[in-house]
Amino acid sequence: MKNNKLNYINRFCKDMKKYWKAYLLVLPVIIYFILFHFKPLYGIIIAFKDYRPTRGIWESPWTDNFGLKYFLEFFKSYYFLRLLRNTLRISLSCLVFGWPAPIILALLLNELKSEKFKKITQTVSYLPHFISTVIICGMVNLFVSKNGFITQFLNLFGYPEQSLLSDPNMFVPIYVISNIWAACGWGTIIYLAALSGIDGELYDAAKIDGANRWKQTLHVTLPGISGTIIIMFLLRMGSIMSIGHEKIMLLYNPGIYETADVISTYVYRSGIENFQYSYSTAVGIFNNVINFIIVTIFNKISKKVTEVGLW
Amino acid sequence: MKKRITGGMIFDAFNIFIMLMVIVASAYPFLYVVVASFSDPTELARHQGILLMPLQPFTLEAYKMTFQLPQLLTGYINTIFYVVVGVAVNLIMTTLGAYFLSMDGPMHKNIVAFMVIFTMYFSGGMIPSYLNIKDLGLMDSRWALILPGAISVTNMVILRTAFQNVPSSLREAAEIDGATIIQVLFKVMLPLVKSTLAVLVLYYGVAHWNAWFEASIYLIDKDKYPVQLIVQQLLSSLNVTEDIGDLVQYVELIRYAIIVVTTAPILVLYPFLQKHFAKGVMIGALKG
């Protein structure tokens with residue numbers, strides 16, 4: 001035992017002597033991680049305390065129910081089910097419509113005979129990816145406003161003359177469609193790369209067997225990119241409970257919180273706008289724990305199915 | 001001789017039609033914004049259907065008003081600062097971390113690696129991070145937009161992989177010649193991973209260009225706002241009396257003009273950026 005310890009100190013000194021410059025180089029990185037990642041991690045204990053900024057984290061008193069007061073408050077509140085429902089509804093809609101869209105587009109692009117036309121389509125469809133979220137949401141807001149061209153188009157089918165974003169039923173479609181519009185073209189890149197990796201001889205063999213283009217797609221192309229398709233699906237499933245707050249904040253308004261408010265936007269409002277620091281941290285922790293469980297599960301599945309983990 | 005129409009030909013025609021629709025759907029919203037910003041406001045409100053040319057009488061009023069908004073220029077200058085300084089900090093920190101993690105020797109490498117990976121899966125979340133910034137005294141400081149995101153772990157992993165792909169014989173040869181660790185980094189490693197560094201500049205640069213939320217919670221002084229936050233505020237609550245006087249009917253038009261003015265630089269750079277980005281996605285996907 002004692003020998004081991006001495007041995008370690010010995011090795012430690014040697015290591016330091018040889019690599020002190022390397023450790024010096026990495027020191028700012030370590031300080032960065034401590035200050036901006038581990039310190040906030042320590043900060044999550046305010047979820048179990050009645051945090052008062054004047055008293056600091058350590059001095060603030062623990063809450064009742066073994067520090068779980070704010071968690072129970074959240075579970076019992078009217079918001080809990082609504083937030084859970086909205087979060088799941090929005091992300092599942094994004095999954096169901098947003099995940100196949102780039103796959104279909106990539107397959108269609110792959111079938112184009114003219115390389116030049118393919119290039120043009122790609123270049124144009126990548127364009128929305130380079131526009132900032134603020135601008136995209138600004139455009140959406142203008143297009144679906146009372147006089148916006150999308151609203152005017154719907155007016156032709158009898159939709160009342162009002163902003164679409166004042167209608168709670170319209171929020172999810174607007175969110176999902178604008179997401180697909182912004183991300184679909186760019187999302188094809190990874191599938192196109194997988195498609196270009198398929199061995200051309202497989203197609204020749206299929207042709208000799210008399211397979212037409214539809215059969216070739218079914219039996220050569222799709223199996224060739226199935227790994228990528230599954231990984232992208234699992235990645236999306238893993239983040240099903242973590243919808244970002246930014247885009248929703250840019251699109252929603254108090255009139256449609258009923259369908260548009262999700263956990264992250266609620267954390268923002270209760271924490272930063274209403275100063276309920278402990279409560280909103282508890283809500284955030286709940287979300288993080290669920291996220292971690294989901295990611296772990298889907299990582300396990302991914303390892304089983306494709307032999308490649310996400311981690 | 002007449003050719004028979006086959007199923008394949010019908011499919012090809014259909015496919016080309018779908019692709020044309022994709023092109024229209026991707027580009028038309030931008031075209032609409034540009035055209036609308038030059039159109040007569042009353043005509044625009046009345047107009048229904050597709051818009052391809054500015055509605056007469058053609059007007060530049062919205063642009064005159066837009067260029068008179070002083071915040072927009074300040075915002076632009078601020079954003080340039082955040083992009084340039086932010087990316088510089090990002091590159092220095094990411095390089096230091098990635099270089100250390102690519103070394104074979106140091107005994108405590110795993111501790112650092114564990115620290116990094118741990119933070120990928122466990123984070124304090126929005127409120128503890130916000131309170132941390134307050135606690136560090138970074139409220140209303142430009143550094144609050146630069147330091148907290150100094151390293152993206154994904155990008156660091158990409159760069160570490162690039163370092164590891166440099167043949168170790170090159171490193172060893174330099175060490176035998178008496179080069180220190182720092183000299184190896186600057187003289188041997190960095191010149192060999194230039195293309196990966198270029199991709200990281202683009203990734204980090206775009207992230208800084210798009211950022212608005214952090215600025216909205218950390219900054220108080222409007223003179224420090226980046227352009228995206230200015231635009232967000234202008235679009236959501238264009239203050240009629242204060243900002244544009246009595247030109248009420250031009251509010252919508254000014255919104256369109258603001259979008260055009262802030263998006264134009266990206267559209268000009270787009271053809272150049274697009275190529276590099278597409279390459280970058282592949283580097284990230286293959287190596288990461």
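(A) Representation of the overall build of chain B in the model. Counting secondary structure elements, chain B contains 14 helices and zero strands. Listing every helix and strand of chain B by position from the N terminus yields α-α-α-α-α-α-α-α-α-α-α-α-α-α. On C-alpha atoms alone, chain B measures out to a radius of gyration of 25 Å, which is more than a quarter above the 19 Å that the 2.2 N^0.38 rule sets for 288 residues. Once the C-alpha set of chain B is aligned to its principal axes, its extents read approximately 75 × 75 × 35 Å. Put simply, chain B has 288 residues, and 34% of those count as buried. For chain B, contacts bridging at least 24 residues in sequence account for 70% of all contacts bridging at least 6.

(B) Molecular detail of unusual backbone geometry. All names here are of chain A. One non-glycine residue, F66, adopts positive backbone phi at about 55°. Summarising the element assignment, F66 is placed in helix α3 (residues 64-67). When the 8 C-beta atoms within 10 Å are taken as the criterion, F66 is described as exposed. For F275, which is not glycine, the phi dihedral falls at a positive 60°. Mapped onto the elements of the fold, F275 is located in the loop between α15 (263-273) and α16 (277-306). Overall, the presence of 10 C-beta atoms within 10 Å leaves F275 in the exposed class.

(C) Just the interface of chain B and chain A, in detail. Chain B puts 71 residues into the contact, and the matching count from chain A is 67 residues. It is helix α14 (residues 251-287) of chain B that contributes the most residues to the side of chain B that touches chain A, 14 residues altogether. A per-class count over the side of chain B that touches chain A returns 49 nonpolar, 19 polar and three charged.

(D) View of the domain arrangement of chain B. All names here are of chain B. Assigned domains of chain B: these are domain 1 (1-59) and domain 2 (63-288). Broken down by element, the side of domain 1 that touches domain 2 gets its largest block of residues, four residues, from helix α1 (residues 7-38). Classifying every residue of the side of domain 1 that touches domain 2 by side-chain character gives four nonpolar, two polar and no charged.

(E) Structural context of the packing of helix α7 (residues 153-164) of chain B against helix α10 (residues 194-210) of chain B. Residue and element names in this part refer to chain B. Packing of α7 against α10 leaves a shortest axis separation of 10 Å and a crossing angle of 175°. Judged by the angle between their axes, α7 and α10 are roughly antiparallel. Residues N155, I158, L159 and A162 of α7 pack against T196, L200 and Y203 of α10. For the contact of α7 with α10, the class distribution of residues is five nonpolar, two polar and no charged.

(F) How the structure looks around helix α10 (residues 171-196) of chain A. Here α10(A) spans 38 Å end to end across 26 residues, near enough to the 38 Å set by a 1.5 Å rise per residue. Helix geometry: α10(A) is bent most strongly at A:C184, by close to 45°.

(G) Main features of the packing of α10(A) against helix α12 (residues 213-238) of chain A. Residue and element names in this part refer to chain A. Across the interface, α10 lies against α12 with an axial gap of 9 Å and an inter-helix angle of 130°. What the angle tells us is that α10 and α12 run oblique. As α10 packs across α12, the resulting crossing turns out to be right-handed. Residue-level inspection shows I190, Y191, A194 and L195 of α10 in contact with α12, the latter providing T221, I225 and T228.

(H) Looking closely at α1(B). Residues and elements named next belong to chain B. Helix length check: α1, at 32 residues, gives a terminal C-alpha distance of 46 Å against a target of 46 Å (1.5 Å per residue), a fit within 8%. Maximum bend of α1: about 35°, positioned at A27, with proline P29 one to four residues after it. Of all the positions in α1, only M19, S26, P29, V33, A36, S37 and F38 are classed as buried.

The rules we used
- Residues numbered from 1 in each chain as written.
- Chains lettered and ligands numbered in written order.
- Predicted model: local features only at pLDDT ≥ 70, side-chain atom pairs only at ≥ 80, totals over all residues.
- Helix = DSSP H or I, 4+ residues; strand = E, 2+ residues; numbered from the N terminus.
- Rg over C-alpha atoms; globule rule 2.2 N^0.38 Å.
- Buried ≥ 20, exposed ≤ 12 C-beta atoms within 10 Å, placed from the backbone.
- Contact = placed C-beta atoms within 7 Å.
- Nonpolar A, V, L, I, M, F, W, Y, C, P; charged D, E, K, R; others polar.
- Domains from an automatic or database assignment.
- Axes fitted to C-alpha atoms, helices over the stretch in contact; angles between N-to-C directions.
- Parallel < 35°, antiparallel > 145°, perpendicular 65-115°, else oblique.
- Expected span 1.5 Å × (residues − 1).
- Bend = angle between axes of the 7 residues up to and from the residue.
- Left-handed = near helix turned anticlockwise from the far one by under 90°.

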